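For reference, the chains in residue letters:
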Amino acid sequence: MKINIFKWLGLSLITTTLITGCTKTFDEINTDPDALSTVPATNILADVLRTTTTQQGGDIDGYGTFAGYIVKIQYLDDLSGLIPSNNTYGNRWNNCYWGNKQLNTLLENTESSADGNKNIRRVAKIWKNYLWLYAVDSWGDIPYSEALKGEPEKGGVLLSKYDAQKDIYTDVLANMKTIADEMAAGVGTDKIGVGDFLFNGDVTKWQKFCNSIRLRAAMRISGVASALAKQTIEEICGNPTKYPLIEANADNAYFVWQGSSPYFEPWYDNKRTRDDHGISDILINRLLDTEDPRIATIAKPATKDNLYHGFQNGAATQPQLNTVSRIGALYRDNPSGFTPYYSACETFFMKAEAAMLGYNVGISAADAYDKAVKLSMAANGISTDQANTYLAGKGKWNNTKSQIWWEQWVALFKENHEAWCLYRRTGVPTTNYVSLRSIYGSTHNDQPFRLPYPQNQYLYNKEKLDLAIAAQGIVDYCWGKQLWWDTRTGVK
């Protein structure tokens, strides 16, 4: 699926017109009679989806390094980027809150005609909750219940408190269930419009995405809120008609880029002028050890000897560049490539794990595992025969959660934020390690537990931030207590 971002860009000029209306005097404002009084809802959705994907999809060496996939081969990584600023991770923080603010505007603008805008309003609510999950999984405690409620003259709050992760998860899961139930009751009559860059206006795919994110969130907290996780997962899997999931690659939640400036796929755009990134030794070693055919898609052989070689994260010296494998063509060489948000294989990896936990998900762990691997292989262009050979060989089901997690980690390549979450929850890949050039020396033995809060929180909301830092025992901005659902031991 490819959606023309230029169509959105043309429409978005309306926003610019509204903001930059010409003024002759301070007392008189010229109003363009052809300009709309409000921005169309589909334009707002387009902007939120595009900016979110730019922020998340543009990441290569952040989450990609945290997850154990990608390493710097030039300007070797020393973790100095984890000191608070309003760049990089601060921009992602801003995207979560500004995105929610824009979607609130969309909902306010369509409130008076809610019955005629059911579909786009539900999509907006789904994405709002997606952004909250992304934020809480990235930073831990965040402003939530008091966030985006400014205007003190109306009783609003400018300096928002930080809410506990457990409370946010509970509320978001409840919100998503409400949306899922509304969608199960029937779709609306309205078209989502050209701003739907994710599913091209397909309401059924949005319904599947909603339930799939519910499944993901429930599995994330299965080790700390087992009752809620089990109830949510069994409810979804027990009624596939009411709560359909993404279970086929044709339904994958992929943002496909326009492919021309300025809308190149971000990894491709980076490659046009940079050669800073290679595949990590952690990923290459796993793929080689298991004779995984996906290696030919995920990575390129090193040009020196046409063999696959990974590189160490933060090694002492820069490598000879022709000795390191680069990112595979599917993931980086296409100007109109994709940024993944959710893949069908994830559904079956989670069903396999849930079955191992004793949940009733309508499929055995072994069958769900095989289905997940085959879907991942197909998405990577691997033939059915090769997939079957792998599943009969070193990829054969061994009845362990560890095997599920390892395979899921490989399958999540490029979905780097989710892979980082998987690692923090499960400890897989077990071979992951902190940068060898860490500015913190040997103080920490693990990848960051969280992102650093942005500098603007230190400047403008320091009292509430200090309380949140103390409650989470944060040290060196990114470590301290692990996130609520991260139950690993021995990491610091």
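Just above sits the structure.
What counts and what doesn't
Residues numbered from 1 in each chain as written. Predicted model: local features only at pLDDT ≥ 70, side-chain atom pairs only at ≥ 80, totals over all residues. Heavy atoms only, no water. Core = buried A, V, L, I, M, F, W, Y, C linked by side-chain atoms within 4.5 Å. Buried < 20%, exposed > 50% of the residue type's maximum accessible area, 1.4 Å probe, protein only. Helix = DSSP H or I, 4+ residues; strand = E, 2+ residues; numbered from the N terminus. Contact = heavy atoms within 4.5 Å. Pairing = 2+ DSSP bridges. Phe/Tyr/Trp six-rings, centres within 6.5 Å; stacked < 30°, edge-to-face > 60°. 1 Å grid on protein atoms, 1.4 Å probe; cavity = no way out; pocket = protein on both sides within 12 Å on 5 of 7 lines; lining within 4 Å. Points joined across faces, edges and corners; volume = space filled by probe spheres on them. Nonpolar A, V, L, I, M, F, W, Y, C, P; charged D, E, K, R; others polar. Salt bridge = Lys/Arg side-chain N within 4 Å of Asp/Glu carboxyl O. Polar contact = N/O pair within 3.5 Å; in protein donor to acceptor, adjacent residues only side chain to side chain.

Q: Pulling in residues and values, what's your account of the nonpolar core?
A: By size, the foremost hydrophobic cluster in this structure holds 139 residues, and its most contacted members are Trp127, Trp206, Phe209, Trp409 and Phe413. The dominant element in this core, judged by the number of residues it contributes, is helix H5 (residues 118-139), at 13 residues. Ignoring anything within four residues of it in the chain, the contact list for phenylalanine 413 reads Tyr69, Ile70, Trp267, Ile279, Leu283, Ile298, Ile327 and Tyr331. Listed in part, the 6 residues of the second largest apolar core include Val71, Ile73, Leu76 and Phe311.

Q: Break down the pairing of strand S4 (residues 253-256) for me, with residues and values.
A: The alternating pattern of S4 places Ala253 and Phe255 on one face and Tyr254 and Val256 on the opposite face, and all of these are buried. With 4 bridges joining them, S4 and strand S6 (residues 338-342) adopt antiparallel strand pairing. When the bridges of S6 are listed, alanine 253 appears paired with tyrosine 342.

Q: I'd love a proper account of the packing of aromatic side chains, names of residues and values included.
A: Under the counting rule described, the total for this entry stands at 34 aromatic pairs. Between tryptophan 127 and tyrosine 341 the ring centres are 5.2 Å apart and the planes differ by 80°, which places this aromatic pair in the edge-to-face class. Taken together, the residues tryptophan 127 in helix H5 and tyrosine 341 in strand S6 connect sequence positions 214 residues apart. Judged on exposure class, the residue tryptophan 127 and its partner tyrosine 341 are both buried. Geometrically, the ring pair formed by tyrosine 369 and tryptophan 397 is tilted, given 5.1 Å between the ring centres and 40° between the ring planes. With tyrosine 369 in helix H14 (residues 365-379) and tryptophan 397 in the loop between helix H15 (384-392) and helix H16 (401-411), this pair connects stretches of sequence that are 28 residues apart. Put simply, the rings of Tyr69, Tyr254, Trp267, Tyr331, Phe338, Trp406, Trp409 and Phe413 pair up and form one aromatic cluster.

Q: Mind laying out the layout of surface pockets, listing which residues take part and the relevant values?
A: As a volume, the largest pocket reaches approximately 590 Å³. Around the largest pocket sit 21 residues that line it, and Tyr97, Ala147, Leu148, Leu158 and Ser160 are the ones nearest its centre. Secondary-structure elements contributing two or more residues to the lining of the largest pocket are helix H4 (89-109) and helix H18 (455-460). With 7 residues, H4 is the largest single contributor of residues to the lining of the largest pocket. Looking at the lining of the largest pocket residue by residue, the classes come out as 10 nonpolar, 7 polar and 4 charged.

Q: Tell me about the pattern of salt bridges, and please be specific about residues and values.
A: One pass over the structure, following the stated rule, counts 30 salt bridges. One salt bridge connects arginine 272 with aspartate 269, and the closest N-O pair in it is separated by 2.7 Å. Of this pair, arginine 272 and aspartate 269 both sit in helix H9 (residues 266-273), 3 residues apart, which is roughly one turn of that helix. The exposure class of arginine 272 is partly exposed, given its relative accessible area of 47%. Aspartate 292 is paired through a salt bridge with arginine 294; the nearest N and O atoms lie 2.7 Å apart. Both residues of the pair, aspartate 292 and arginine 294, count as buried. The network of salt bridges with shared partners includes Asp137, Arg216, Arg220, Glu346, Glu415 and Glu418.

Q: So what's going on with the side chain of lysine 72? Which residues, and what values?
A: Within the secondary structure, lysine 72 is located in strand S1 (residues 70-72). Accessibility expressed as a relative area gives 15% for lysine 72, which makes it buried. In this structure the side chain of lysine 72 is engaged in a polar contact, spanning 3.1 Å, whose partner is the side chain of aspartate 61. Excluding its chain neighbours within four sequence positions, the residues that come into contact with lysine 72 are Asp61, Asp77, Asp276, His277 and Phe311.

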